[in-house]
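# Results of the structural survey
The residues making up each chain are set out below.
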Amino acid sequence: PWAKNPVDIVNYVSCHDNLTLWDKLGAACPNATDKEKLAMNRLAAAIVFTAQGIPFILSGEEFARTKPIEGTDDVSENSYNLPFYTNNLKYDRLVENMDLYEYYKGLIAFRKAHAGLRLATKEAVEICLCFLHDLPEKVVAFTITTKEETLLVVYNANKEKIKLELPKKVEWEICVEGKKASANAIRTLSKRTTKVEVPGVSALVAVSK
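To keep things clear, this report deals only with the structure shown in the data block. Every value quoted in this text rests on a predicted model; they were computed, and no experiment measured them.

### Digging into the packing of aromatic side chains
- Applying the stated criterion across every chain, the model contains five aromatic pairs.
- Ring centres of Phe-63 and Tyr-91 lie 5.6 Å apart, and the angle between their planes is 40°; this geometry places the pair in the tilted category. Linking Phe-63 in the loop between β2 (54-55) and α3 (84-87) with Tyr-91 in the loop between α3 and α4 (92-96), this pair joins segments that are 28 residues apart in sequence.
- The exposure class assigned to Phe-63 is buried, which follows from its relative accessible area of 3%.

Structure representation (structure tokens):
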């Protein structure tokens, strides 16, 4: 009830309390491969950085930070009293997960470049943001329309790819897709394109000027 405007809301999927995002994904999906968990991590990050409000991430989340407990195969959910071994940032994971790190960088750059992701009032959100309907299960999609442009944001939590009907017959610049995120276009869809494919466990973000 106190959060009357987007600027009052902080969005996050991991913080200093509880499990890191990477460790939570491992606990929730113990049979998932690292490749699958990286896809989940990217989707979670894309949701945070394309949501209205203030994005917040835990340091190291961008390279799959983990908090192992020394001498065990366990990870810590509450590490305030544990030593450096558990709480330090393991930068070898940055080297291993450089693609994930670059994805976060791209999301941050994209958010900075588009004011539609930083609407300041509830009224602005109600005017500019419109959810798409008749979507497959586990898919959320919406547009944000400002005077300058329209953003299309799609989250596909299915393991399988989907095809989404584009809301407008215009030229779309895709800036977030699969493993890539950028402030610049990764590829462009022509005005003749009516549908776009969204890979499984991923986000797609496109811009129409």
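### What about the nonpolar core?
- Formed by 34 residues in total, the largest nonpolar core has its most connected members in Tyr-103, Leu-107, Phe-110 and Ile-144.
- Mapped by element, the contributors of at least two residues to this core are α1 (21-28), α2 (34-50), α5 (98-113), α6 (122-128), β4 (139-145), β5 (150-156), β7 (172-177) and β11 (202-208).
- No other element matches the eight residues that α2 contributes to this core.
- Leaving out residues up to four positions away in the same chain, Ile-144 has contacts with Gln-52, Gly-116, Leu-117, Leu-119, Cys-128, Leu-129, Glu-149, Thr-150 and Leu-151.
- Among the nonpolar cores identified, the runner-up in size contains 14 residues, and Leu-152, Val-154, Ile-174 and Leu-204 belong to it.

### Some words on the side chain of Lys-37
- Its place among the elements puts Lys-37 in helix α2.
- In this structure, Lys-37 is in contact with Trp-22, Leu-25, Gly-26 and Ala-32, ignoring residues within four places of it in sequence.

### Quick look at the pattern of salt bridges
- For the coordinates displayed, the defined rule picks out five salt bridges.
- Residue Lys-37 pairs with Asp-34 through a salt bridge whose shortest N-O separation is 3.6 Å. Remark: Asp-34 and Lys-37 occur in helix α2; sequence separation between them is three residues, near one turn of the helix.
- A salt bridge links Glu-197 to Lys-161; the nearest nitrogen and oxygen atoms lie 3.6 Å apart. Linking Glu-197 in strand β10 (residues 195-198) with Lys-161 in the loop between β5 and β6 (162-165), this pair joins segments that are 36 residues apart in sequence.
- You can call Glu-197 partly exposed: its relative accessible area is 33%.
- In this structure Lys-161 comes out as exposed when scored by relative accessible area, which is 55%.

### Structural notes on the packing of α1 against α2
- Between α1 and α2, whose axes approach to 10 Å, the crossing angle comes to 125°. Viewed along their axes, α1 and α2 adopt a mutual orientation that is oblique. Between α1 and α2 lies a crossing of right-handed hand. Across the interface between the two elements, Leu-21, Trp-22, Leu-25 and Gly-26 from α1 touch Asp-34, Lys-37, Leu-38, Met-40, Asn-41 and Ala-44 from α2.
- Partitioned by chemical class, the residues of the contact of α1 with α2 number six nonpolar, two polar and two charged.

### A short note on the environment of Asp-73
- Within the secondary structure, Asp-73 is located in the loop between β2 and α3.
- Each C-alpha atom of the pair Asp-73 and Glu-102 lies 29 Å from the other, and the pair is 29 residues apart in sequence.

Reading the values: rules and limits
Residues numbered from 1 in each chain as written. Predicted model: local features only at pLDDT ≥ 70, side-chain atom pairs only at ≥ 80, totals over all residues. Heavy atoms only, no water. Phe/Tyr/Trp six-rings, centres within 6.5 Å; stacked < 30°, edge-to-face > 60°. Helix = DSSP H or I, 4+ residues; strand = E, 2+ residues; numbered from the N terminus. Buried < 20%, exposed > 50% of the residue type's maximum accessible area, 1.4 Å probe, protein only. Core = buried A, V, L, I, M, F, W, Y, C linked by side-chain atoms within 4.5 Å. Contact = heavy atoms within 4.5 Å. Salt bridge = Lys/Arg side-chain N within 4 Å of Asp/Glu carboxyl O. Axes fitted to C-alpha atoms, helices over the stretch in contact; angles between N-to-C directions. Parallel < 35°, antiparallel > 145°, perpendicular 65-115°, else oblique. Left-handed = near helix turned anticlockwise from the far one by under 90°. Nonpolar A, V, L, I, M, F, W, Y, C, P; charged D, E, K, R; others polar.

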